[in-house]
Amino acid sequence: MILAAHTAIGLGTMAGGWRIVKTMGMRITQLRPVGGFCAETAGALMLIGTAVGGIPVSTTHTITGSIIGVGATRRLSAVRWGVAGRIVWAWILTIPLSGLLAAVTWLLLPHG
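Residues numbered from 1 in each chain as written. Predicted model: local features only at pLDDT ≥ 70, side-chain atom pairs only at ≥ 80, totals over all residues. Heavy atoms only, no water.

Caption draft 1: Geometry of the overall build of the protein. When helices and strands are counted, the protein shows 4 helices and 0 strands. Element order for the protein, N to C, with α for helix and β for strand: α-α-α-α. Scaling as 2.2 N^0.38, a compact globule of 112 residues should have a C-alpha radius of gyration of about 13 Å, whereas the protein reaches 17 Å, well beyond that. Judged by the C-alpha coordinates and their principal axes, the protein covers about 60 × 30 × 25 Å. Of the contacts formed within the protein by residues at least 6 apart in sequence, a portion of 70% connects residues at least 24 apart. Working note: accessible area of the protein is about 8400 Å², and carbon and sulfur atoms make up 75% of it. (Helix = DSSP H or I, 4+ residues; strand = E, 2+ residues; numbered from the N terminus. Rg over C-alpha atoms; globule rule 2.2 N^0.38 Å. Contact = heavy atoms within 4.5 Å. Areas by Shrake-Rupley, 256 points an atom, 1.4 Å probe, with all protein chains shown as cover.)

Below is the structure:
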């Protein structure tokens, strides 16, 4: 099971990793190196703060918010809000759909 999980994660990253990087760095807003540095620094500081406070957060959500923030500092229209909105909807749907998939998998597998 552990190797299957590793394989699935590796294949998923291999198949969609570049697409995620492209969306985060070019489709939400055009990031320049200094903007990428600022977004990563802000994300890291937020993650350190939440870890110290014992607050569970998603690293993906944190860095996406930081990238949107960097784009919004130039001007609000620099952020492609349609792309950002689709990302938020994906986040909203991820947890309940993952739970549903886990329940279906549990029901289909034999219990011993």
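Read on, since the account is not over.
Caption draft 2: A positive patch on the surface, seen in detail. Together, R19, K22, R27, R80 and R86 make up a region of like positive charge exposed at the surface. Relative to the elements of secondary structure, R19 occurs in helix α1 (residues 2-27). (Patch = residues over 30% accessible without salt bridge, like charges linked within 9 Å, V, L, I, M, F, W, Y side chains within 5 Å. Salt bridge = Lys/Arg side-chain N within 4 Å of Asp/Glu carboxyl O. Lys, Arg positive; Asp, Glu negative; His and termini not counted. Charge placed at Lys NZ, Arg CZ, Asp CG, Glu CD.)

Caption draft 3: Examining the packing of helix α3 (residues 59-74) against helix α4 (residues 81-108) more closely. Axis separation between α3 and α4 bottoms out at 12 Å; the angle between their running directions is 165 degrees. With respect to α4, the axis of α3 lies roughly antiparallel. In this structure, α3 meets α4 at a crossing whose hand is left-handed. Residue-level contacts link T60, H61, T64 and I68 of α3 to W81, A84, I87 and W91 of α4. Within the contact of α3 with α4, the residues separate by chemical class into 5 nonpolar, 3 polar and no charged. (Axes fitted to C-alpha atoms, helices over the stretch in contact; angles between N-to-C directions. Parallel < 35°, antiparallel > 145°, perpendicular 65-115°, else oblique. Left-handed = near helix turned anticlockwise from the far one by under 90°. Nonpolar A, V, L, I, M, F, W, Y, C, P; charged D, E, K, R; others polar.)

That is the geometry; function is a separate question.
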